Amino acid sequence: EGISPRTIRRIVKTALDRAADRMPDPLPTALRRSLGLLPLAEALRTYHYPDSAQAQEDARRRLAFEELLLIQLGVLSQRRNRQQEHARPLAIDRACLAGFLAALPFALTGVQQRALEEIVHDLQRPRPMSRLLQGDVGSGKTVVAAAALVLALCDGMQGAIMAPTEILAEQHARNLGALLERGGGLAWDGGYLPPYLHTLGRSVQVALLVGSLSAREKEEVRSRIAAGQVDLVVGTHALIQEEVAFSRLGLVVIDEQHRFGVAQRWTLRQKGDSPHVLVMTATPIPRTLALTLYGDLDVSVLDELPPGRQPIITRWLRPTQRREAYRFVREQVRAGRQAFVICPLVEESEVIEARAATAEYERLSREVFPDLRLGLLHGRMSAQEKDRCMRQFREVETHILVSTSVVEVGIDVPNATVMLVEGADRFGLAQLHQFRGRVGRGAHQSHCLLLADDPSPEAQERLAILERTQDGFVLAEEDLRLRGPGEFFGTRQTGLPAFRLARLSDFDLMELARQEAETLLAQDPHLAAPEHQELARARARIWTPGAGDVS
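A short tour of the structure in this document, coming up. (Residues numbered from 1 in each chain as written. Predicted model: local features only at pLDDT ≥ 70, side-chain atom pairs only at ≥ 80, totals over all residues. Heavy atoms only, no water.)

### A look at the overall build of the protein chain
For the record, the criterion: A run of H or I in DSSP counts as a helix once it spans at least four residues, and a run of E counts as a strand once it spans at least two, with each numbered from the N terminus. Only protein chains enter the accessibility calculation, which uses a 1.4 Å probe; a residue whose area is less than 20% of its type maximum is buried, one above 50% is exposed, and one in between is partly exposed. In this analysis, two residues are considered to be in contact whenever any of their non-hydrogen atoms come within 4.5 Å of each other. The protein chains shown are the only cover counted for residues, whose accessible areas, like all others here, come from Shrake-Rupley with a 1.4 Å probe.
Broken down by element type, the protein chain carries 19 helices and 13 strands. Sorting the 551 residues of the protein chain into buried and exposed places 55% on the buried side. A sequence separation of at least 24 residues applies to 76% of the contacts in the protein chain between residues at least 6 apart. Total accessible area on the protein chain stands at roughly 24100 Å², and carbon and sulfur atoms take up 50% of it.

The structure is reproduced here in structure tokens:
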């Protein structure tokens, strides 16, 4: 502040004149020449003081390629190191797996079966599985993960699930309990003892470890985990606290992976002796992005929905149709259904969003639905308040849940049939698709109503696309095309590399960086050759030692 642009430019020019030629170039000369890339000093000068737009783009591409190459060298080295680690292979009990699947009230789809077999193949190998299970909203990732956890339990190992929020963790614990109950119900000591787990000789103990537990409750759960008295642990970030130790951790499942950094995934892996790791995401992403964001993982994709799931009727409404939307919500409530109302994204501030949601909740309660029971959910509430609010909504004690975008991930209320999004033009396609996925989970036809007061031409195109398609992978590609890579996941979601000049839309550069990284590591796995030493040093600067976290 207070420094003129002219002064800044003079300072930058001085820095470049003094230091550009002294900057070590991480790219080996042979590689740079073969790809027709500028030397580092020339790229830095040209980017700051270009003769033309094309010259600046050439400089940017050179610098962006370097960033992407360093990312790929990191994730591929991590992948290579993982392949050399030893893990305890699980003894796969096919009878146990068949018993679990037979107890389900539905049959797995073909893609679920394929993904499960890929996981089974990984679990039998003497190196730790690191697999991403990617599927659209409602594609059935949780039951595939549950089947994998059952296989770990059958072999006498412990399983763990880490979720980004307490609401989602508690939902996983409840759903897994329901799946285990289907196979035989509660045993006398409070655990679960389905027939297919009879080889354990005892019931399966499930524990929940979340931040809202009292210190005494956390200590009790931690001691039971360490003593091997808990078979399946469901939790939040509390699972990766230093005090948590497992007795025989065999499989870790991480849900909504994009909400966690790479280092957190690594930390949870350190809780056992190289346990197998399955990570899940309901945010479909293009393949080229997957190579960068999850380049150290094998990928299974669930690209079809289970049969019987009805398409969600999606309508983009104009401001004059707001009363019509409210009338429709009231009709659905009278029919015994429930509704979500999402408040517009004010800005990336939980304080301001909470304030806006509270004001909207009060307006709707007073002016629009005074005869109905409304609930309020936002990020500033305590875990206990959120849990109470969601429990009331699940048990139909409230008819309408007014919420901020905190409702986006994982909440499962089959009786909710309306998702009304205010200010829909302020959200990206991927996020709107996630909102839409909160309904359509029961037997009744569901609806998504998108209200936008004054959408820009670009926002109008987004809303029209959402009306046309329910395919999350198509929407992800469109979101990337329309909004640009910087907003693809939203600024809150973590795990993305902090690029300076590379863009997530640099698909050709990503592919090229991947290919060149694979070639380099095949020739020189440790980048120990003299011509690769600067590259090795640059890679070390952006990767936290050991943890593999992108800084």
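### Brief notes about the pairing of strand β11 (residues 400–403)
Operational definition: If DSSP finds at least two bridges between two strands, the strands pair. Classification remark: right-handed applies to a crossover when, strands pointing away from the viewer, the course from the first strand over the helix to the second runs clockwise.
Every second residue of β11 is oriented toward a common face, with Ile400 and Val402 on one face and Leu401 and Ser403 on the other, all of them buried. In this sheet, β11 lies alongside strand β9 (residues 338–342) in parallel orientation, the contact comprising 4 bridges. Its bridge partner lying in β11, isoleucine 342 is registered against serine 403. Across 4 bridges, the pairing between strand β10 (residues 374–377) and β11 is parallel. Following the sheet pairing, glycine 375 is matched in β11 by leucine 401. Once you follow β10 into helix α14 (residues 383–394) and on to β11, the crossover reads as right-handed.

### Things to note about unusual backbone geometry
Positive phi, close to 60 degrees, is recorded for valine 396, a residue that is not glycine. Position of valine 396 among the secondary structure elements: in the loop between α14 and β11. The phi dihedral of leucine 527 falls on the positive side, at around 50 degrees, and the residue is not glycine. Mapped onto the elements, leucine 527 comes out in the loop between α18 (507–523) and α19 (533–542).

### Some words on the pattern of salt bridges
Operational definition: Basic side-chain nitrogens of Lys or Arg form a salt bridge, by our definition, when they fall within 4 Å of a carboxyl oxygen of Asp or Glu.
Tallied over the full model, the rule gives 23 salt bridges. A salt bridge links arginine 315 to glutamate 324; the shortest N-O distance between them is 3.3 Å. On the basis of relative accessibility, which here comes to 34%, the residue arginine 315 falls in the partly exposed class. A salt bridge links arginine 363 to glutamate 360; the shortest N-O distance between them is 3.1 Å. Of this pair, arginine 363 and glutamate 360 are both found in helix α13 (residues 350–368), 3 residues apart, which corresponds to roughly one turn of the helix. The network of salt bridges with common partners includes Asp25, Arg32, Arg62 and Glu66.

### Focus on α19
The criterion, for reference: Note that the arc is defined by the directions from the helix axis to the C-beta atoms.
Here α19 has its buried residues at Leu535, Ala538 and Arg539. Looking down the long axis of α19, one finds its buried residues gathered within 100 degrees of arc, a one-sided arrangement. Packed against the buried residues of α19 are α4 (53–84) and α18.

### So, the sheet that holds strand β3 (residues 206–209)
Our working rule: Lines are fitted to the C-alpha atoms to define the axes, a helix being fitted only along its stretch in contact, and any angle between axes, read from their N-to-C directions, falls within 0 to 180 degrees.
Read across the sheet, 7 strands follow the order β3-β4-β2-β5-β6-β1-β7 without closing on themselves; strand pairing throughout is parallel. Looking at which strands have only one partner, the edges of the open sheet turn out to be β3 and β7 (298–302). Recorded for the sheet is a direction-independent mean angle of 20 degrees between the axes of neighbouring strands. Two elements, strand β1 (residues 130–135) and β7, share 5 bridges in a ladder whose sense is parallel. What sits directly across from leucine 132, in β7, is valine 299. Helix α7 (residues 141–154) rests against β1, β2 (158–162), β4 (232–235), β5 (249–254), β6 (276–281) and β7 of the sheet, and its axis sits at about 170 degrees to β5.

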